[in-house]
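What the coordinates show
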Amino acid sequence: MGRISTFLLLLQTPILLLLCVSAADDDEAIVSRFQEYLRIDTVQPKPDYYKAVDFLNSQAQSLSLESQTIELVKGKPLLLLKWPGSDPSLPAFLLNSHTDVVPFEDSKWTHHPLHAHIDPHGNIYARGSQDMKCVGMQYLEAIRKLQASGFKPIRSVYLSFVPDEEIGGHDGVEKFVQSQLFKSLNIAVVLDEGLTSPSESYRVFYGERSPWWLVIKAKGPPGHGAKLYDNSAMENLLKTIESIRRFRAAQFDLLKAGGIGEGDVVSVNINFLKAGTPSPTGFVMNLQPSEAEAGFDIRIPPNYDSEALERRLVEEWAPAGRNMSFEQFKQKFSGKQVVTATDDSNPWWSLLENAVKEAGGRTSKPEIFPASTDARYFRQAGLLAFGFSPISNTPGLLHDHNEYLGKDVYLKGIDVYVSIIKAYASYESKSGSRDEL
Ligand SMILES: [Zn+2]
């Protein structure tokens, strides 16, 4: 090694050291801001939305973002932030996240779900660590990094922090997309939550299954418990259950055969059974009841022939001729069955895919989301929407005990958003809104 390079090395060492130290400092501050958000009790059914909005607003202030709090329903604030782009004529894009989380049984957790404890492996345990306070904070941290690097958006970036997703989003995004304010934002594409991935690649969702909640009731003549006769309520209901279970098994077989995702098949689960004649000691044992019912949670993929399923319901599952009836609590296809294109016709898709790649990540084949998220309201309103949570190599613990997220996975996710936001905010084409696709 020559004298000059030795000299340069000596000169660089403290600078490198300084850079490393400051990066570690940054990471620590980033993680502690995430912990702070996780510790705010936004657990349904009594989420402290105001505290969450106050905290997020303080973050927004530190980033000089424009901010407004909207109460479409009293007591349920929705925070809307804006990082204005230099060309207001271009449609904006929206980064959405919900502030509420589902309840927990703290006795079943190794660490309290509101403490955001970090274990020796660097895993942060908290309700919302995967679903989806991580994503909400990652958006903000990504903007912080972009600002520090001197990046200026051409297209405006909106961030919405919405209430009530976990209880159906009716007082949150459903009302938000119908508001004049929302229409005035001129948004082309939305990013919303996805699911964790157990492998190296990230999952992306372009549509959702529709929920169809059914209660099927059977009636029949009551009779002595010792008598064999046809058409009792129980016998009728069991025939239905057997038939539905055969349908369920066929769908499950398709899934087990591989090559398709969870969201590509119809799922059916019996979630309650109600029958019997109560007695002081439990149920009357020597009486066949005159009524019996079962409740089913069915989820239908967007491309599935729903009319065929409806015929099956009327002819096979709840035929009036067998004294059967049904009630529907969530009508399938209550809205338009829309999916977001994931091919060359949609520039936002290739921008997303490439941006993830540039950040050193990989997206797997786009999927239909097996359950429901707020993204369905955006799609029904005519917007393009992707479900995406940059969580790889992590077991899916959404709504489960011991939900956690690794510190490194969280930090890497911020860099993924840096890359996506940069790509979206720099995209200059005026095309790319849903109406043109
Ligand atoms: Zn969620």
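Note that the coordinates shown come from a computational prediction; the quantities given were computed from them, not determined experimentally.

This part is about the coordination of the zinc ion. The protein atoms that coordinate the zinc ion are H98 (NE2), D131 (OD), E193 (OE) and E193 (OE), at distances spanning 1.8 to 2.8 Å. The sequence motif formed by the donor residues of the zinc ion is H-x32-D-x61-E. Taken together, the positions of H98 in strand β3 (residues 92–98) and E193 in the loop between β7 (187–192) and β8 (204–208) put the pair 95 residues apart, joining distant regions of the chain. Here the two residues H98 and E193 agree in accessibility, since each one is buried.

If you check helix α6 (residues 233–257), its first and last C-alpha atoms are 36 Å apart, about what 25 residues at 1.5 Å a residue would give, namely 36 Å. Taken together, the buried positions of α6 are occupied by A233, N236, L237, T240, I241, S243, I244, F247 and Q251. G258 lies just past α6 and shows a positive phi near 90°.

Okay, the sheet that holds strand β2 (residues 78–83) next. A sheet is described by the order of its strands in space; here eight strands give the open sequence β1-β2-β6-β3-β7-β18-β8-β17, paired in mixed fashion. Where the open sheet ends on each side, the last strands, each with one partner, are β1 (66–70) and β17 (367–369). Pairwise comparison of adjacent strand axes, ignoring direction, gives a mean angle of 30° for this sheet. Summarising the sheet, β3 and strand β6 (residues 157–162) pair through six bridges and their orientation is parallel. Each bridged residue has a counterpart across the sheet, and for F93 the counterpart in β6 is V157. On top of the sheet, helix α2 (residues 49–62) reaches β1, β2 and β6; it is set at about 10° to β2, its chief contact. Relative to β6, helix α3 (residues 133–148) is tilted by about 155°, and along the sheet it contacts β2, β3, β6 and β7.

Before going further, it helps to examine the packing of aromatic side chains. Evaluated as defined, the whole model comprises 16 aromatic pairs. Ring geometry for Y139 and Y417: centres 5.0 Å apart, planes at 70°, overall edge-to-face. Here the residue Y139 occupies a position in helix α3, and Y417 occupies one in helix α10 (residues 407–426), the gap between them amounting to 278 residues. Each member of the pair, Y139 as well as Y417, carries the same accessibility label: buried.

Here we come to the environment of E71. Relative to the helices and strands, E71 is located in the loop between β1 and β2. Taking the C-alpha atoms as reference, E71 lies 38 Å from K365; in sequence the two are 294 residues apart.

What follows deals with the domain arrangement of the protein. Here the domain parsing of the protein yields domain 1 (19–207 + 337–436) and domain 2 (210–300 + 303–330). Between the C-alpha centres of domain 1 and domain 2 the distance comes to 38 Å. Of the roughly 620 Å² buried where domain 1 meets domain 2, counting both sides, 37% is carbon and sulfur surface. Summed over the shared surface of domain 1 and domain 2, the number is zero salt bridges. At the junction of domain 1 with domain 2, the criterion picks out zero residue pairs in polar contact (both at pLDDT 80 or more). Grouping the constituent residues of the side of domain 1 that touches domain 2 by class yields three nonpolar, two polar and one charged.

Pairing within the open sheet is antiparallel, and its three strands lie in the order β4-β5-β19. Each edge of the sheet is formed by a strand with only one pairing partner; in this case those strands are β4 (117–118) and β19 (404–406). With two bridges connecting them, β4 and strand β5 (residues 123–125) associate as antiparallel partners. By the bridge assignment, H117 is partnered in β5 with Y125. Docked against the sheet, α10 engages β4, β5 and β19, running at close to 70° with respect to β19.

Our focus in this paragraph is helix α8 (residues 347–358). Compared with an ideal rise of 1.5 Å per residue, which puts twelve residues at 16 Å, α8 spans 16 Å between its outermost C-alpha atoms and is within 8% of the ideal. If you check which residues of α8 are buried, you get P347, W348, W349, L351, L352, A355 and V356. If you follow the buried residues of α8, they end up packed against β7, β8, β18 (384–388) and α10. The N-cap residue of α8 is N346: its side-chain oxygen and the backbone nitrogen of W348 are 3.0 Å apart. Remark: G360 follows α8 within two positions and exhibits a positive phi of approximately 85°.

A few words now on the pattern of salt bridges. Between side chains of opposite charge, pairing is possible as soon as their charged atoms come close. Tallying each qualifying case throughout the model produces 13 salt bridges. Between R203 and E367 there is a salt bridge, and its shortest N-O distance comes to 2.8 Å. Taken together, the residues span a long stretch of sequence, with R203 in the loop between β7 and β8 and E367 in strand β17 at a distance of 164 residues. Of the two residues examined, R203 and E367, each falls in the buried class.

Conventions used here
Residues numbered from 1 in each chain as written. Predicted model: local features only at pLDDT ≥ 70, side-chain atom pairs only at ≥ 80, totals over all residues. Heavy atoms only, no water. Donors = N, O, S within 2.8 Å, 3.2 Å for Na, K, Ca; no water. Helix = DSSP H or I, 4+ residues; strand = E, 2+ residues; numbered from the N terminus. Buried < 20%, exposed > 50% of the residue type's maximum accessible area, 1.4 Å probe, protein only. Expected span 1.5 Å × (residues − 1). Pairing = 2+ DSSP bridges. Axes fitted to C-alpha atoms, helices over the stretch in contact; angles between N-to-C directions. Contact = heavy atoms within 4.5 Å. Phe/Tyr/Trp six-rings, centres within 6.5 Å; stacked < 30°, edge-to-face > 60°. Domains from an automatic or database assignment. Buried area = accessible area lost by both parts, 1.4 Å probe. Salt bridge = Lys/Arg side-chain N within 4 Å of Asp/Glu carboxyl O. Polar contact = N/O pair within 3.5 Å; in protein donor to acceptor, adjacent residues only side chain to side chain. Nonpolar A, V, L, I, M, F, W, Y, C, P; charged D, E, K, R; others polar.

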